Amino acid sequence: MIDFTSTPIMLTLILGAVGVLIPVLNVARKEKGSSVYGAITLGALLAAIGFVIYQIITKHVTQSAIFSSNVLVDDKFGSFFAIAMLIVGIMTTVGSFNYMRKRANPAVYYSLILLSSIGMILIAYSTDLVMLFIAWELMSIPTYVLAGYLKKDPSSNEAAIKYFLFGALSSGIIIYGISIAYGLTGSTNIEQVIVGFSKLGPDMVPLAILAVGMFIAGFGFKIGLVPFHMWLPDAYEGAPPTIAALLAAGTKKAGFAAVLRVIIMGAIALNLHWAFALAVIAIVTMTVGNLAAIKQRNLTRMLAYSSIGQAGYILIGLSVAPISPIGIQASLFHILNHSVMKAAAFIAVAGIVTTLGVTHIEKIKGLGKRMPITALGLTISLLALAGVPPLNGFWSKLMLFGSAIDAGHTLSWAPYLAVAGVLNSALSLAYYGWIIRKMYFEEGESNKGLKEPKSVIAVMIFSIIVIVGIGVYPDPVIAFAKSAVPIMSGLPAIH
């Protein structure tokens, strides 16, 4: 029986009802460019995150269990991701107020944000492969439209087409993996699939490994892991910068929720030596992302490649998860931090585009004088992404690198992950510092102050408070991440 008071169902009802209502209201009002749709969307997102927090405080959610006989489980793991993704949704919505003021079809725009948010949230709560795939498509399809929202812009059309084609390919790969898993185990329930995998005979194990490989490829597309990252820079560049924030800070996190629910547990069940493979992918991903970012001259593309590098950092904690007790906790902590840091950076770019209409790095010279709050918010988010103390990114990176060192007593190669992470963080300072230098230490064509979009100012102030606040006092968020780590009892022993 469906529990309509459970967190995932309530969030679906709240966001779904408003998401469907907004276009209907638009038809009834026959009004173009009204900000009322943004306000309604913001209200729905605030109500949703308020409900999640209420459920956690009143202890109506279960301890984070990776398994459940139902298709959805109301646990802290799902609630953790729900909060992260709803924060991104709120930042994207508020940051869009000024950006969408003079653009067509705002009702459709905000409605698609809500519908995509439902898919992201349901992925985190899914314990059935079919449910997870449905949520994956619900998340993805609205973002295909949003990426090409600027339909008269050729680069936006190109972004949408590339994103759609690669997205359709990844969906096909995922459904193929699900079909193999079902054929081997007779179930799509994640628990039964994993238990079934652990009992397979030697002749069937290669097929199970193939299924896990399909999941890695399919989910790796959305996360932006190398070599599944080819679409990402073009899609982020062509999409509206506010939607790039949703993609980089929101949908990527939903991908990691799917990875934790399916791939990590499945690999453990098969007793695979998967940790080393994930470690190699982590190092390659962070290195390729950072090296490519250095070469960029477009601010959006630079942040896109930076986003690829950040996925590599998160993967460090997952690769040592069976050995280090803080591996998954560190990854969850960085996922939450990255949601705020990356969303703030892209919303700052949206403010620059709204005011100046540029994204080329040479065009932001002197921005610190012309748009001081936007420049400050962008600077703080970039320094946090680099892991500079005492900002929130420093603590989550410290935990990630610490988990790699902690796993060194069992995995001799694990400490090299920490070394690679530190070197890549230092490398990232090259292009983060370059942006900051352009804004504060180089003279622009004009020093005349500009009127900054109020919605962008609001997002910048919020992000600065969160980034600095968690940096100064990270303990509550670290504790929350620890409570959200999935319980792995019942899994086969790890060899």
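Let me sum up the structure you'll find in this document. Residue positions are given per chain, counting from 1 as you read along its sequence in written order. Two thresholds apply to this predicted model, a pLDDT of at least 70 for residue-level local features and 80 or more for giving and counting side-chain atom pairs, whereas whole-chain, interface and lining totals are computed over all residues. Values reported for side chains reflect all heavy atoms of the structure, with hydrogen atoms and water molecules removed beforehand.

## Regarding the nonpolar core
Line of reasoning, step 1. One finds Leu-15, Phe-81, Phe-197, Phe-219, Tyr-236, Phe-256 and Leu-332 to be the most contacted residues of the largest nonpolar core, which totals 173 residues.
Line of reasoning, step 2. Only DSSP runs of H or I reaching four residues or more are called helices, and only runs of E reaching two or more are called strands; each is numbered from the N terminus. When residues of this core are assigned to their parent elements, the largest contribution, 16 residues, is made by helix α13 (residues 327-356).
Line of reasoning, step 3. Only heavy atoms enter the contact rule, under which two residues are in contact if any of them lie within 4.5 Å. Those residues in contact with Leu-332, other than ones at most four positions away along the chain, are Phe-77, Phe-80, Phe-81, Leu-260, Ala-481, Ala-484 and Val-485. Residue types Ala, Val, Leu, Ile, Met, Phe, Trp, Tyr and Cys, when buried and joined through side-chain atoms within 4.5 Å, form a set referred to as a nonpolar core. We call a residue buried when its accessible area falls under 20% of the maximum for its residue type, exposed when it is over 50%, and partly exposed in between, using a 1.4 Å probe and counting protein chains only.

## So, the packing of aromatic side chains
Line of reasoning, step 1. Geometry of aromatic contacts follows a simple scheme: Phe, Tyr and Trp rings, the Trp one being its six-membered ring, pair when their centres are within 6.5 Å, and the pair is stacked under 30 degrees between planes, edge-to-face over 60, tilted otherwise. Considering all chains together, one arrives at 14 aromatic pairs under this definition.
Line of reasoning, step 2. On the basis of an interplanar angle of 85° and a centroid distance of 5.9 Å, the ring pair of Tyr-236 and Phe-346 is categorised as edge-to-face. Of this pair, Tyr-236 sits in helix α9 (residues 232-238) while Phe-346 sits in helix α13, placing them 110 residues apart in sequence. The exposure classification of Tyr-236 matches that of Phe-346, with both residues buried.
Line of reasoning, step 3. Their ring planes at 70° and their centres at 5.5 Å tell us that Phe-276 and Trp-413 sit as a pair that is edge-to-face. Placement of the pair is Phe-276 in helix α11 (residues 274-294) and Trp-413 in the loop between α16 (392-406) and α17 (414-440), with a sequence separation of 137 residues.
Line of reasoning, step 4. Put simply, the rings of Phe-77, Phe-80, Phe-81 and Phe-480 pair up and form one aromatic cluster.
Line of reasoning, step 5. Across the ring face of Tyr-99, the terminal group of Arg-103 is positioned such that the distance to the ring centre comes to 4.1 Å. Placement of a charge over a ring requires the Lys NZ or Arg CZ to be within 6 Å of the ring centre, with the centre-to-atom vector within 35 degrees of the ring normal.

## Remarks on unusual backbone geometry
Line of reasoning, step 1. Each neighbour pair has its own omega, and for Val-226 with Pro-227 the value is 10°, a cis peptide bond.
Line of reasoning, step 2. Positionally, Pro-227 belongs in the loop between α8 (205-223) and α9.
Line of reasoning, step 3. A cis amide bond links Pro-389 with the next residue in sequence, Pro-390, at an omega value of 5°.
Line of reasoning, step 4. Positionally, Pro-390 belongs in the loop between α15 (372-386) and α16.

## Comments concerning helix α6 (residues 154-185)
An α-helical turn contains 3.6 residues, so any two residues separated by three or four positions project in the same direction.
Line of reasoning, step 1. Taking 1.5 Å per residue as the helical rise, α6 with its 32 residues ought to reach 46 Å, and the 46 Å between its terminal C-alpha atoms agrees with that figure.
Line of reasoning, step 2. Phi for Gly-186, located one or two positions after α6, is positive at around 75°. By this rule the span expected of a helix is its residue count minus one, scaled by 1.5 Å.

## Observations regarding α16
Line of reasoning, step 1. A rise of 1.5 Å per residue sets the reference length of α16, with its 15 residues, at 21 Å; its end C-alpha atoms lie 21 Å apart and thus fit the reference within 8%.
Line of reasoning, step 2. Within the span of α16, buried status applies to Asn-392, Gly-393, Ser-396, Lys-397, Met-399, Leu-400, Phe-401, Ser-403 and Ala-404.
Line of reasoning, step 3. On the buried face of α16, the contacting elements are α12 (299-319), α13, α15, α17, α18 (454-472) and α19 (475-483).

## Comments concerning a positive patch on the surface
Line of reasoning, step 1. Note that patches include only residues with greater than 30% relative accessible area and no salt bridge, and the join distances are 9 Å for like charges and 5 Å for nonpolar side chains (Val, Leu, Ile, Met, Phe, Trp, Tyr). Residue burial considers only the protein chains on display, and all accessible areas are found by Shrake-Rupley using a 1.4 Å probe. The rule for a salt bridge is simple: a side-chain nitrogen of Lys or Arg has to be within 4 Å of a carboxyl oxygen of Asp or Glu. Note on charges: Lys and Arg go in the positive column, Asp and Glu in the negative column, and His and the chain ends are not counted at all. To locate a charge, take NZ of a lysine, CZ of an arginine, CG of an aspartate or CD of a glutamate. Together, Arg-101, Lys-102, Lys-451 and Lys-454 make up a positively charged patch on the protein surface.
Line of reasoning, step 2. Tracing the sequence through the fold places Arg-101 in the loop between α3 (76-99) and α4 (106-125).

In short, shape yes, function no, at least from these values alone.
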